[in-house]
Each structure stands twice: as C-alpha cells, then as structure tokens.
Amino acid sequence: MVKPPDFKPDKALVDIEEDALDVAELAKGISASIVRMRANDGLVIGLYGAWGSGKTTFINFVKQALSKHDEKEQPVILDFNPWLFSGHEDLIQRYLVELSKALSPKQHKLMKYRMGFVKGVENFTDVSKELLIFAASLKGVPMVAGGVKALNTLSKGAIEKLSKQKPLSQQKEKIEKLLRGRKRKILVVIDDIDRLEASEVMDIFRMVKSVADFPNVIYLLSFDKKLVANIVKDFQRADGKDYLEKIVQYDIDLPYPNPANVLTLFGERIDPVIQEPGGKNWDKDRWSNLYRDYLRERIKTPRQAIRFSNAFNVAYPALRAEVDPVDFLAIEALRMFHPDVFHEISRNADRFTDLGQDEFDADKTDPPYFEKVLNLVDERDRAAVKDLLEILFPRVENAFSNYKASSSEMHEWKSQARICSSNHIRRYFSYSVPFDQFSDTEIYKALKLTVDPDKFGDLLIPYSKEISKHGKSRIPDFLDRFLPIVSAGQADEYLKDVIKSYLILGDLIVRKDDEDRSHFFGIETDLRVLWIIFAALRRMPVNEVFDTIKDAMKNTKSLHIPIRLLFYFGREHGLYGKNKKESLRDGEEGPYLTLKELKELEKIVLSKIRKSAKDNSLLENENLPAILYRWRDILGSLDEPRAWVQKIASSDDNLKKLFVRFARVSVSSNMKGTTETIYVRADNIADFLDLDSTAERVKKFLANEDLDKKQTDALGAFITSYENKKSGKSDDWD
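Because the structure is a prediction, the values reported are computed rather than measured.

Visitor: Please explain the overall build of the chain as it appears in this structure.
Guide: What the chain contains, in helices and strands, is 34 helices and seven strands. Residues classed as buried in the chain amount to 49% of the 734 residues present. Summed over its atoms, the accessible surface of the chain is roughly 36,800 Å², and 48% of this surface lies on carbon and sulfur atoms.

Written out as structure tokens, the structure is:
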C-alpha cells in the first residue's frame with residue numbers, strides 16, 4: 001500500500017532519529033560539551049544560521065541529546081520565547097519570572113528527578129524566590145501577572161523581604177552566590193531573536209550581558225548572525241560583529257544543508273503523492289533538467305523543502321489525472337518562487353501553447369514578449385527562469401533558438417496532458433486565481449452586498465484604487481466577472497439591488513485609464529457597468545423598472561452613468577438626436593419606460609446636472625464633454641451649458657482643467673504595435689467658447705506657465721486642431 005502524503009507545517013523536527021540533514025552528531029557533541037563545560041561565570045553560546053536552515057531543529061536535537069545523559073548531569077532547561085512577550089516594555093522582568101517558574105518546585109513536581117525528589121539532585125527553590133524578588137523590584141516595574149501569581153507561593157518572610165527591598169546590586173549578588181554554589185547548570189534557550197523588533201533584539205543582548213549574566217547559566221541564542229549584526233549596527237551606530245563578539249563566547253555556525261539531503265527531504269515528502277495510482281508518467285529526464293536548471297537554487301533549506309512539498313501535495317491530487325506531474329511541479333515552483341511570471345502565464349496562456357511547422361503558426365511566436373516576461377524577475381534569476389520556461393514551453397524555446405516541433409510531438413504533448421498543450425494549460429491554473437482576478441466566492445460575496453449600496457461601495461471603490469503596473473485598476477475584471485452571473489440568472493434574487501448599487505456608485509468606480517486602448521475595439525468601463533444594469537433589467541418585470549431606476553437616480557452620487565442610461569431609454573422613443581426608435585428589448589416588446597416616465601427621469605437628471613454645475617463639481621467629472629452635450633439634448637439648446645462653460649472658463653486654472661476634460665485619446669495600429677495620440681477638437685471647443693480669444697490665452701499658457709503633462713498635452717492638441725481648422729484642414733482622428 002502506498003503511504004499517504006505527509007502534510008507537515010513549516011515546523012522544526014523534534015526527534016533526533018529523523019535527522020535528514022546530517023546535524024545529529026554535531027547536536028550530540030554540543031550537548032556533551034554543555035554537560036562537561038564549567039560555567040562559573042555563565043556562558044553564552046551563539047547558534048548561527050539563515051532563516052529556514054534548521055536552527056530550531058538543531059536546538060531540539062541538542063535538548064533530546066541532553067536528556068540521554070545521567071540525570072544528575074542534565075541541566076534545567078528554560079525555553080524562553082520572547083515572541084510571547086514582544087511589544088512589552090518589561091521583557092527582562094518577564095524573563096526573570098519565567099526563569100523563576102522554571103526553577104520552582106511546582107514547575108518540576110512531575111519531573112521528580114530534577115528538584116531534589118531524586119537523591120543527589122539539587123533544589124533551586126531559594127533561587128526561584130530570589131529571582132521573583134529581583135524581578136518585582138527591577139526598575140520599579142509592577143510585577144507582571146505571572147509573577148504576582150508566583151508570589152502567592154512565597155512565605156510571609158519572603159513577602160516582608162520584598163517590601164523592604166535591598167538595592168538591586170545586592171539582590172543580584174545574592175542570586176549569583178546561590179547559583180555559584182550549585183553544581184547543576186541551567187540552560188536558557190532563546191530562539192528566533194532575529195525576528196524581533198530591533199529594540200527587543202537589543203533588550204535580549206543587554207539582559208544576557210548585564211542583568212541576567214548569572215553563574216552556571218548557559219544561554220543558547222539562535223539567530224541569523226548577519227541580520228542581527230546589521231540590526232545592532234543600525235541601532236547602536238557600532239560594528240555589529242564586534243558587539244556580538246563581546247557577548248557570545250562560543251560560536252556554532254550551523255552547516256549549510258547539503259543540497260542532496262534537502263532534495264532527499266523534498267523527494268520523501270512528494271513521493272507518496274506521485275506514486276498514487278491514476279497519475280501520468282513521471283518523466284525522469286525532464287525532472288532532472290528541472291532540478292538542475294531551476295529547483296536546485298530555489299530549494300536550499302529544509303523550510304523551503306517543506307513549504308514547497310506541502311504546496312505540491314495539497315494541489316496535485318485533485319488534478320493528477322489531468323496534468324503532467326513534472327510540468328505541474330514546475331509551474332508550482334514558478335507560483336512560489338516567481339509569482340509574477342506564474343500570473344503572466346495564467347493570464348496569457350495562449351501565447352505559450354502549441355507550436356507547429358506552418359508559417360502562420362510560427363508567426364505567433366513573439367520574442368520581444370517573452371523578453372518582457374523574463375524582465376519580470378530579477379536579473380540574477382532570468383537565466384534560470386528562461387531555462388525553466390524552455391523546458392515547459394517549446395514556443396519559448398522557439399523564440400530564442402528557432403526550435404520547431406513536429407506534428408507528432410504536438411500530439412504527444414496532448415496525450416501526456418503537458419502544459420504546453422492548448423487543450424490542457426488551463427487545468428494547471430484551475431486551482432489558482434491570478435492575483436488581479438476574482439474567485440467565484442468573492443463575486444457572490446459582492447452580490448450579496450448589493451442590498452446595501454454603501455457596503456457595496458466600500459468593497460468596490462478600493463478596487464478602483466488598486467492600480468497594477470499596467471496602469472489599470474481591478475474594476476474592469478470585477479465587472480467582467482460580475483456580468484455572467486447576472487445574465488445567467490444567478491442574481492435574480494438581487495436584481496433591484498444590483499441596478500440600484502451600480503447606478504448609485506456609477507462614476508465613483510469608473511476610471512478613464514481603465515479603458516482598453518490597445519486596439520480599436522477596447523471596451524469602456526462605464527459601458528461594462530451599463531451591460532450589468534441592462535442584464536438585470538432584462539430579467540426584471542417591466543412594471544418594476546421605472547420605480548427601481550427612479551429610486552436609484554434620486555440617491556445616486558453619479559452623473560455620467562445615469563445620463564447614459566437615460567439616453568438609452570430615450571432612444572426607445574426616438575429622442576436625443578435619434579429619429580429612429582431603437583428597441584432595448586427583444587422581439588416586438590415595447591419600451592422599458594413610457595414617455596411620461598422618461599420625462600420624470602429627465603427632471604431628476606437635469607436637477608443633478610444643474611446642482612453639480614452650481615457647486616463646480618461638474619468640472620471635476622472625467623466625462624464632462626459628454627455631460628454637456630446630454631445637458632443640451634435634454635433642454636434642446638446649448639445656451640445653458642454654454643453659459644456655464646463661459647463662466648467657468650473666465651478663470652485660467654479652470655480653463656486648463658476644461659481642456660484636460662475635453663482631451664481624448666486616438667489609437668492607431670500598425671505592424672509595430674499601437675500608438676496613442678492626444679487630441680482636442682477645436683469644433684467641440686467652438687460649441688462653448690470663442691475660438692480665437694481662447695486660442696490666444698492657451699498660447700500664453702504654453703509659452704509662459706509651468707504646466708503638468710496632461711495640461712501640456714491637452715492645450716497643445718487644441719492649438720494643433722485650431723491651426724488646422726484655420727488653414728482649412730480637418731482633424732481626422734477616427
């Protein structure tokens with residue numbers, strides 16, 4: 001029977017017999033030294049190693065080896081975990097209380113061999129009491145909770161002694177005298193010092209050096225030496241290594257794990273999962289290449305081996321019959337060690353799959369694109385990532401070496417369920433949602449929040465502010481994921497809530513920079529919002545539409561989305577510049593709204609436009625030009641919006657803002673890619689302002705004022721259009 005997979009947390013080993021890293025003998029040697037060494041003045045041992053190198057495992061092995069010695073020789077062991085008290089100012093006091101508790105008879109009642117219950121073994125009761133007194137009086141700090149409880153076990157005489165506190169130096173001298181008279185040692189283990197705050201790291205060293213440097217007390221301090229030396233350097237403005245040398249008398253540099261041992265540890269953990277029936281064949285050649293070219297430098301420590309094997313063991317079983325195990329292991333490695341590359345592949349899977357002999361297929365290979373993928377990682381890692389991608393994807397290999405695959409090889413990839421097959425690549429990401437996309441759970445959670453537009457806004461508005469390195473927010477992807485559940489009837493319980501929430505939020509989640517300008521058919525974000533609203537409307541009884549829309553428009557903080565929705569409804573009646581009626585509903589069904597209802601919505605929208613114009617918030621709306629023209633269409637005249645623009649434009653600052661709002665982007669494409677051009681139509685400006693006088697003002701801005709890039713582009717584009725118009729040329733931006 002195949003052994004079930006061993007899922008273990010990122011946790012140190014305890015049993016020395018499980019040693020897979022060849023440190024057991026060293027641990028036994030250190031334990032023997034602790035037993036033999038004289039520590040009349042105390043001793044500090046430093047255990048050094050990088051994170052994940054096995055320091056805690058080594059400490060566990062030392063403690064287990066100590067337990068094998070004669071009972072009389074075994075030290076009292078205190079594992080002091082500063083993490084439990086991190087953030088407290090009384091870290092030293094808490095240590096003294098913990099040490100007192102470790103030496104108290106109550107603590108060792110069940111371990112009779114330690115506290116004098118076994119003949120010949122020393123009792124530390126008196127030391128325990130004096131430590132509590134010392135802790136209670138240290139710097140006048142009130143006794144911590146654990147110490148107060150411990151004081152209840154003291155005699156009346158000890159309590160009276162505490163009330164008549166002697167100077168700290170005398171209290172410490174008494175503790176030192178008591179400990180110096182003991183043959184038995186005390187081993188204090190402090191692990192993970194390098195994970196504390198800098199001030200707490202220094203507190204630990206001050207404690208060990210000056211406050212708790214007791215006779216017969218051996219400290220075993222575990223940390224990353226380089227990291228802590230830098231902390232000391234920054235904190236003390238002194239050489240960190242020199243400082244440590246003054247504190248630590250005995251160094252143990254934990255040997256860096258043998259790569260073969262780490263690989264063995266990793267292999268032992270994934271082998272049971274690989275061996276279970278139902279999976280694809282294990283390609284030893286590709287595995288050896290994967291390990292040699294990529295994994296060898298990524299799995300160097302036991303911690304990395306455990307974390308990676310756990311990730312594989314969790315994800316692979318559900319897909320064993322659907323994916324190639326070596327490919328899956330490789331893509332998991334990318335997910336863990338180079339997540340940007342992993343997510344890039346998951347989003348652009350088609351660019352990595354298949355590769356045939358014909359010229360049309362070969363043209364799909366894009367070396368510059370794969371160079372960009374490699375640039376997602378640090379320069380020192382690019383060669384290894386390139387090797388890994390070439391192992392996984394022949395198309396990448398083709399991009400850099402002109403490799404061509406035969407049709408028989410392509411069929412083989414598919415039969416093996418390789419990741420380079422377009423039929424299978426999506427399976428490798430089916431368990432994982434790329435960082436900028438949304439899971440079903442997130443979308444359905446959002447759907448339920450539509451019952452409260454404020455809470456829905458609390459969720460969506462931050463998405464509009466999470467900007468990727470490509471300059472786009474997470475909103476377009478959210479809307480694209482939300483639309484299908486509405487269209488498919490999975491949101492029927494929330495149709496009114498969906499319409500209200502999106503109308504009320506509207507402009508707050510729409511960013512012009514989210515528009516896809518990479519081609520002529522890019523989808524505007526506000527159109528995505530309207531698609532969702534109409535998807536809900538199509539599933540709603542028509543007699544509920546007006547009240548739902550009216551209620552939302554009264555409460556909305558937006559202008560552009562409600563105006564666009566109003567104009568779609570108007571086209572059903574042939575209004576707003578459209579002589580021909582356009583049905584928004586299927587077949588011979590009538591319009592969503594009656595003409596009377598439409599006119600009532602017009603009043604609501606017009607009132608909001610005028611309010612926004614009055615408080616000048618209208619100038620801040622990215623869709624200002626469209627709103628101005630819709631304002632005109634509702635009234636049937638440009639007079640009112642023109643008067644507002646002329647009033648606003650009397651201010652130079654407002655005029656600059658106005659041109660930024662009128663600026664648009666034109667996209668042109670050719671064999672080399674796409675080009676964006678900023679334009680401002682002089683004809684549009686002429687609808688609201690006198691062109692000649694406005695052009696003179698703009699030229700002065702450009703010549704004499706410090707403008708930001710958006711202002712410079714917009715004003716310059718206007719002057720170009722204005723001069724073209726004056727010379728009889730037309731602006732052909734479409």
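Visitor: Is there a simple way to think about unusual backbone geometry in this case?
Guide: In terms of backbone geometry, most residues other than glycine have negative phi values and most peptide bonds are trans. At Asp-192, a position not held by glycine, the phi torsion is positive, near 55 degrees. Among the structural elements, Asp-192 can be located in the loop between β3 (186–190) and α8 (198–211). For Ala-417, which is not glycine, the phi torsion reads 60 degrees and is therefore positive. With respect to the helices and strands, the residue Ala-417 is situated in the loop between α20 (407–415) and α21 (440–449). Ala-417 sits in the buried class, given a relative accessible area of 1%.

Visitor: Sorry if this is basic, but what is going on with the nonpolar core here?
Guide: What tends to happen in soluble globular proteins is that the nonpolar side chains get buried as a cluster. One finds Phe-478, Phe-482, Tyr-502, Ile-549, Phe-569, Trp-644 and Phe-718 to be the most contacted residues of the largest nonpolar core, which totals 89 residues. For this core, the leading source of residues is helix α25 (residues 525–537), giving eight residues.

Visitor: Would you mind showing me how to read the packing of aromatic side chains here?
Guide: We describe a pair of aromatic rings using the distance from one ring centre to the other and the angle between the two ring planes. Tallying each qualifying case throughout the model produces 33 aromatic pairs. Ring plane angle 50 degrees and centroid distance 5.8 Å describe the contact between Tyr-316 and Phe-328, whose orientation is recorded as tilted. A residue pair is termed long-range when its members are at least 10 positions apart, and Tyr-316 in the loop between α13 (302–315) and α14 (325–337) and Phe-328 in helix α14 qualify at twelve residues. Judged by centre distance (4.7 Å) and plane angle (45 degrees), the ring pair of Phe-659 and Phe-718 falls under tilted. Of this pair, Phe-659 sits in helix α31 (residues 652–662) while Phe-718 sits in helix α34 (residues 709–726), and the two are 59 residues apart along the sequence. What makes Phe-718 buried here is its relative accessible area of 0%. One aromatic cluster is present, formed by Phe-456, Tyr-463, Phe-478, Phe-482 and Tyr-502 through successive ring pairs. Directly above the ring of Tyr-243 sits Lys-209, whose terminal nitrogen or CZ lies 6.0 Å from the centroid. For the cation-ring pair, Lys-386 lies above Phe-400, with the distance from its terminal atom to the ring centre recorded as 5.0 Å.

Visitor: Is there a simple way to explain the sheet that holds strand β4 (residues 217–223) in this structure?
Guide: Each strand in a sheet pairs with another by means of backbone hydrogen bonds, the pair being arranged parallel or else antiparallel. A sheet is described by the order of its strands in space; here five strands give the open sequence β2-β3-β4-β1-β5, paired in parallel fashion. Edge positions in the sheet fall to β2 (76–79) and β5 (250–253), since each of these pairs with one other strand and no more. Averaged over all pairs of adjacent strands, the angle between strand axes in this sheet comes to 20 degrees, irrespective of strand direction. Direction of pairing for strand β1 (residues 43–48) relative to β4: parallel, over a ladder of six bridges. Residue pairing for β4: Gly-46 is matched across the bridge by Leu-221.

Visitor: Help me understand the pairing of β1, please; the structure alone is not making it clear to me.
Guide: Consecutive side chains along a regular strand alternate between the two faces of the sheet. For β1, the buried fraction is high: six of the six residues fall into the buried class. Of the two faces of β1, the one lined by Leu-43, Ile-45 and Leu-47 and the one lined by Val-44, Gly-46 and Tyr-48 are each fully buried. Pairing of β1 with β5 involves four bridges; the strand directions are parallel. Its bridge partner being in β5, Ile-45 is matched across the sheet by Tyr-250.

Visitor: Please clarify how the pattern of salt bridges should be interpreted in this entry.
Guide: Note on pairing: side chains with opposite charge can pair once their charged atoms come close. Evaluation of the coordinates by the stated rule reveals 39 salt bridges. In this structure, Arg-564 and Asp-526 form a salt bridge, with 3.3 Å as the shortest nitrogen-oxygen distance. Linking Arg-564 in helix α27 (residues 560–571) with Asp-526 in helix α25, this pair joins segments that are 38 residues apart in sequence. Given the relative accessible area of 21%, Arg-564 is considered partly exposed. For Asp-526, a relative accessible area of 2% gives the class buried. Residue Lys-725 is joined to Asp-683 by a salt bridge in which the shortest nitrogen-to-oxygen separation is 2.6 Å. Here Lys-725 is found in helix α34, whereas its partner Asp-683 is found in helix α32 (residues 682–686), with 42 residues between them in sequence. In this structure Lys-725 comes out as partly exposed when scored by relative accessible area, which is 39%. Overlapping salt bridges, with partners in common, bring together Asp-283, Arg-286, Asp-324, Asp-327 and Arg-418 in one network.

Visitor: Explanation requested: a negative patch on the surface in the structure shown.
Guide: Residues Asp-239, Asp-242, Glu-245, Asp-251 and Asp-253 make up a contiguous surface patch of negative charge. Those elements that place two or more of their residues in the negative patch are α10 (240–247) and β5. With respect to the helices and strands, the residue Asp-239 is situated in the loop between α9 (225–236) and α10.

Visitor: Looking at this structure, how should I read α10?
Guide: Each full turn of the α-helix corresponds to 3.6 residues, which orients residues three or four apart in the same direction. Restricting attention to buried positions, one finds in α10 the residues Gly-240, Tyr-243, Leu-244 and Ile-247. All buried residues of α10 lie within an arc of 95 degrees about the axis, which places them on one face of the element. Exposed positions of α10 whose direction lies more than 90 degrees from the buried face are Lys-241, Glu-245 and Lys-246. Here the buried face of α10 lies against β1, α8, β4 and α9.

Visitor: Could you clarify how one ought to interpret the packing of helix α24 (residues 495–505) against helix α26 (residues 545–555) in this entry?
Guide: When two helices pack together, their arrangement is captured by the angle between the axes and the distance separating the axes. Two elements in contact, α24 and α26, have axes whose closest approach is 8 Å; the angle formed by their N-to-C orientations is 30 degrees. One element, α24, and the other, α26, form an angle in the roughly parallel class. As for the relative orientation of α24 and α26, their crossing is right-handed in sense. Every residue of α26 that contacts α24 at Lys-496, Ile-499, Lys-500, Leu-503 and Ile-504 is listed here: Thr-548, Ile-549, Asp-551, Ala-552 and Asn-555. Partitioning the contact of α24 with α26 into residue classes produces five nonpolar, two polar and three charged.

Visitor: Teacher, can you tell me more about the pairing of β4 here?
Guide: Burial runs high along β4: seven of the seven residues are buried. Note that β3 and β4 share five bridges and pair parallel. The partner of Ile-190 across the bridge, within β4, is Leu-221. With α8 bridging β3 and the parallel β4, this β-α-β connection has right-handed handedness.

Quick notes on the rules
- Residues numbered from 1 in each chain as written.
- Predicted model: local features only at pLDDT ≥ 70, side-chain atom pairs only at ≥ 80, totals over all residues.
- Heavy atoms only, no water.
- Helix = DSSP H or I, 4+ residues; strand = E, 2+ residues; numbered from the N terminus.
- Buried < 20%, exposed > 50% of the residue type's maximum accessible area, 1.4 Å probe, protein only.
- Areas by Shrake-Rupley, 256 points an atom, 1.4 Å probe, with all protein chains shown as cover.
- Core = buried A, V, L, I, M, F, W, Y, C linked by side-chain atoms within 4.5 Å.
- Phe/Tyr/Trp six-rings, centres within 6.5 Å; stacked < 30°, edge-to-face > 60°.
- Lys NZ or Arg CZ within 6 Å of the ring centre and 35° of its normal.
- Pairing = 2+ DSSP bridges.
- Axes fitted to C-alpha atoms, helices over the stretch in contact; angles between N-to-C directions.
- Salt bridge = Lys/Arg side-chain N within 4 Å of Asp/Glu carboxyl O.
- Patch = residues over 30% accessible without salt bridge, like charges linked within 9 Å, V, L, I, M, F, W, Y side chains within 5 Å.
- Lys, Arg positive; Asp, Glu negative; His and termini not counted.
- Charge placed at Lys NZ, Arg CZ, Asp CG, Glu CD.
- Arc of directions from axis to C-beta.
- Contact = heavy atoms within 4.5 Å.
- Parallel < 35°, antiparallel > 145°, perpendicular 65-115°, else oblique.
- Left-handed = near helix turned anticlockwise from the far one by under 90°.
- Nonpolar A, V, L, I, M, F, W, Y, C, P; charged D, E, K, R; others polar.
- Right-handed = clockwise from strand over helix to strand, strands pointing away.

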